[in-house]
Number of protein chains: 2
Amino acid sequence: MHSEVDISFIGAGNVAWHLAVALEAAGYQVREIYSRTLEHATALADKLYNATPTQSLDFSGSKATVFFIAVPDSQVAQIAAALKVPEKAIVAHTSGSLPLEVLQDHEYRGVFYPLQTFSKHTKLDIHSVPFCLETSDESTELLLVEMAQQISQTVYLVNSAERKVLHIGAVFACNFTNHLLGIAKNILDREDLEFDLLKPLIQETVQKALHAGHPAYVQTGPANRNDQQIIDQHIDYLSAYPSEQHIYRTLTESIRHSK
Amino acid sequence: MHSEVDISFIGAGNVAWHLAVALEAAGYQVREIYSRTLEHATALADKLYNATPTQSLDFSGSKATVFFIAVPDSQVAQIAAALKVPEKAIVAHTSGSLPLEVLQDHEYRGVFYPLQTFSKHTKLDIHSVPFCLETSDESTELLLVEMAQQISQTVYLVNSAERKVLHIGAVFACNFTNHLLGIAKNILDREDLEFDLLKPLIQETVQKALHAGHPAYVQTGPANRNDQQIIDQHIDYLSAYPSEQHIYRTLTESIRHSK
């Protein structure tokens, strides 16, 4: 037990759920769970050894010394401003897109950002989730890094500027990729072809990309081999779908120029 | 043993390798392996029970009744024209992008296309690979479908026009996705951030997309929630990289319009 460091959670959503359970399993005592909706706080507290659900943001009498704010981005600033914690307590938010300074009312502050998408009822191996940490000072850094290392094998110190770049990378690698998969499904749907047909190839493509030294090393397809005849056929086929055609042209040009 | 149907392979590359081993394991006898380079034919024949390596395309005396042409796309037409097979034998190619009619010199012809990317030394569960089949006639269809079903749980009849659409879908879902992963890595590399940080998120994103009813149902990110402030920040950041910026704008607009 890390009896000197007890923790509390502001928020009872997916991120709080996974972090509270993992940190308790690592030996940290969870003291309180806050939610605006008491049932939500109670539902999470019931999963824990001895946590108290609460609707109050006044934690001045709490035994916790680290407070995690794990609420939607739009609520963090307001909650941080209203939050009362014991003297010298650390306040950390878990958001990837908010700066550390959103917690400026608190002297000891940090970002404790798990770079993963969480679903409450999906089992997730938290040890493989990279944690990106940023802190106001060295003692807070030492404490949060130790805590993250108890539950994850991958802990990085990432400042707010770097976090922004990570986010841009994630937009390309995740949001845009997801959208392309959706377009592929639409293309197949229109011809009554099962999207299932492509799934094994998609899985294998992503595995190869992530295990190659660089995804560019395993790039394939008509743009990569400069097969103008096939590219023309595809662009011609897509002429009824100008948005898809425009994406096809844009990414084909980009692949060609990256060679 | 399917003693009435013996097979031979024209080609000794990745596809021939996986198919020959799987079909032999399913009880089909492999009679001959052809390669221009005898060592290649021998290397594969040595993996099999009783196959003869050969450099000749004259199979008129062969006991095989199904001949698989598994060579690079650019060589299929030429090899098919030179190939001599016994009367009533079936000739099938394994290419996703060539029409059935490239085999027009042969009366009984088929396409036997495994929709997957193969590497010779990577273990692959062939039972999960979808096979797309097209044939010249019903008796050939019956025989090739039975054969495919012996080695895969997913066998579809897909004509040449549908195969073209599948290919366009695969360009979006695989080639373009791979390119976006490469761009994400470039963005991180420039700031000395490890691409490993994003890998668990990418894996989870793709799993969610493939298990949702439609990838659009699990779309996230600034474009999806119409977060103009973040989008402007990202576009501004990318102004030194016009190609990336152009892709960012194009896909952001497409996500917005698809909602």
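Residues numbered from 1 in each chain as written. Chains lettered and ligands numbered in written order. Predicted model: local features only at pLDDT ≥ 70, side-chain atom pairs only at ≥ 80, totals over all residues. Heavy atoms only, no water.

## A closer look at the overall build of chain A
Logical step 1: When its secondary structure is counted, chain A shows 8 helices and 8 strands.
Logical step 2: In summary, chain A has a C-alpha radius of gyration of 23 Å against a globular reference of 18 Å for 259 residues, an excess of more than 25%.
Logical step 3: Its C-alpha atoms put chain A at 70 × 35 × 30 Å along the principal axes.
Logical step 4: Across chain A, every contact between residues at least 6 apart in sequence was considered, and the portion connecting residues at least 24 apart equals 55%.
Logical step 5: For chain A, the exposed surface amounts to about 11,400 Å²; the carbon and sulfur share of it is 47%.
Logical step 6: Counting 19 positive and 30 negative side-chain charges, chain A places the centres of these two groups 3 Å from one another. (Helix = DSSP H or I, 4+ residues; strand = E, 2+ residues; numbered from the N terminus. Rg over C-alpha atoms; globule rule 2.2 N^0.38 Å. Contact = heavy atoms within 4.5 Å. Areas by Shrake-Rupley, 256 points an atom, 1.4 Å probe, with all protein chains shown as cover. Lys, Arg positive; Asp, Glu negative; His and termini not counted. Charge placed at Lys NZ, Arg CZ, Asp CG, Glu CD.)

## A short note on the environment of Val30 of chain A
All names here are of chain A.
Logical step 1: Checked against the element boundaries, Val30 lands in strand E2 (residues 30-34).
Logical step 2: Owing to a relative accessible area of 0%, Val30 belongs among the buried residues under this scheme.
Logical step 3: Val30 sits 133 residues away from Arg163 along the chain, and the two C-alpha atoms are 28 Å apart. (Buried < 20%, exposed > 50% of the residue type's maximum accessible area, 1.4 Å probe, protein only.)

## Some words on the relation of the copies chain A and chain B
Logical step 1: When chain A is fitted to chain B, the best match, at an RMSD of 0.1 Å, comes from turning it 180° and sliding it 0.0 Å along the axis. With respect to symmetry, the two chain copies, as superposed, fit the operation of a two-fold axis. Considering only C-alpha atoms, the residue of chain A closest to the rotation axis is Thr177 of chain A, which sits at 2.7 Å.
Logical step 2: When the interface residues of chain A are mapped onto chain B, 100% of them are again interface residues, pointing to one common binding face. (Least-squares fit on C-alpha atoms with pLDDT ≥ 70 in both.)

## Some words on helix H6 (residues 199-211) of chain A
Logical step 1: When the terminal C-alpha atoms of H6 of chain A are compared, their 18 Å separation across 13 residues agrees well with the 18 Å that a helix rising 1.5 Å per residue should span.
Logical step 2: For H6 of chain A, the set of buried residues is Lys199, Pro200, Leu201, Ile202, Glu204, Thr205, Val206, Ala209 and Leu210 of chain A.
Logical step 3: The inward-facing, buried residues of H6 of chain A contact helix H5 (160-190) of chain A together with helix H5 (160-190) and helix H6 (199-211) of chain B. (Expected span 1.5 Å × (residues − 1).)

## What to know about the interface of chain A and chain B
Logical step 1: Across the contact, 83 residues belong to chain A and 83 residues belong to chain B.
Logical step 2: Around 7,800 Å² of area is buried between chain A and chain B when both sides are counted, 72% of it from carbon and sulfur atoms.
Logical step 3: Three residues, Phe172, Leu197 and Leu210 of chain A, lead the burial of chain A against chain B; their summed loss comes to 9% of the area buried on that side.
Logical step 4: Connecting chain A to chain B are 0 salt bridges. (Buried area = accessible area lost by both parts, 1.4 Å probe. Salt bridge = Lys/Arg side-chain N within 4 Å of Asp/Glu carboxyl O.)

## Examining the sheet that holds strand E7 (residues 131-135) of chain B
Either a parallel or an antiparallel arrangement is found when strands of a sheet pair, and the pairing is made through backbone hydrogen bonds.
Residue and element names in this part refer to chain B.
Logical step 1: Taken in spatial order, the 8 strands of this open sheet run E3-E2-E1-E4-E5-E6-E7-E8, and their pairing is mixed. The strands lining the two open edges of the sheet, one partner per strand, are strand E3 (52-54) and strand E8 (155-157). Direction aside, neighbouring strands of the sheet carry axes that sit 25° apart on average.
Logical step 2: By the bridge criterion, 5 bridges tie strand E6 (residues 108-114) to E7 in an arrangement that is antiparallel. Counterpart to Val111 in the pairing with E7 is Glu134.
Logical step 3: Against the sheet, helix H1 (residues 14-25) makes contact with strand E1 (6-10), strand E2 (29-34), strand E4 (66-69), E6 and E7, and its axis sits at roughly 170° relative to E1, the strand it touches most.
Logical step 4: Across the sheet, helix H2 (residues 38-45) touches E2 and E3, and the angle it forms with E3 is around 165°. (Pairing = 2+ DSSP bridges. Axes fitted to C-alpha atoms, helices over the stretch in contact; angles between N-to-C directions.)

## Quick notes on the pairing of strand E5 (residues 90-93) of chain B
Residue and element names in this part refer to chain B.
Logical step 1: Side-chain alternation along E5 places Ile90 and Ala92 on one buried face and Val91 and His93 on a second face that is also buried.
Logical step 2: Between the parallel elements E4 and E5, the chain passes through helix H3 (residues 73-82) in a crossover that is right-handed.
Logical step 3: Relative to E6, E5 is paired through 4 bridges, and the arrangement is parallel. Bridge assignment links Ala92 to a residue of E6, and that residue is Gly110. (Right-handed = clockwise from strand over helix to strand, strands pointing away.)

## Details of the UniProt feature "domain: Putative oxidoreductase/dehydrogenase Rossmann-like" (unreviewed entry) in chain A
Logical step 1: The sites that carry the UniProt feature "domain: Putative oxidoreductase/dehydrogenase Rossmann-like" (unreviewed entry) are, in the present numbering, residues 5-111 of chain A.
Logical step 2: With 28% helix and 22% strand, the stretch residues 5-111 of chain A has end C-alpha atoms that lie 17 Å from each other. (UniProt positions renumbered as here; feature names shortened; annotations may be inferred.)

## Description of the packing of aromatic side chains
Logical step 1: One pass over the full model with this rule turns up 14 aromatic pairs over all chains.
Logical step 2: Here the aromatic rings of Tyr248 of chain A and Phe172 of chain B are separated by 6.0 Å at their centres, their planes lie at 55°, and the arrangement is tilted. Of this pair, Tyr248 of chain A sits in helix H8 (residues 242-257) while Phe172 of chain B sits in helix H5, each in a different chain. Each member of the pair, Tyr248 of chain A together with Phe172 of chain B, is buried.
Logical step 3: One aromatic cluster is present, formed by Phe9, Phe68, Phe112 and Phe131 of chain A through successive ring pairs. (Phe/Tyr/Trp six-rings, centres within 6.5 Å; stacked < 30°, edge-to-face > 60°.)

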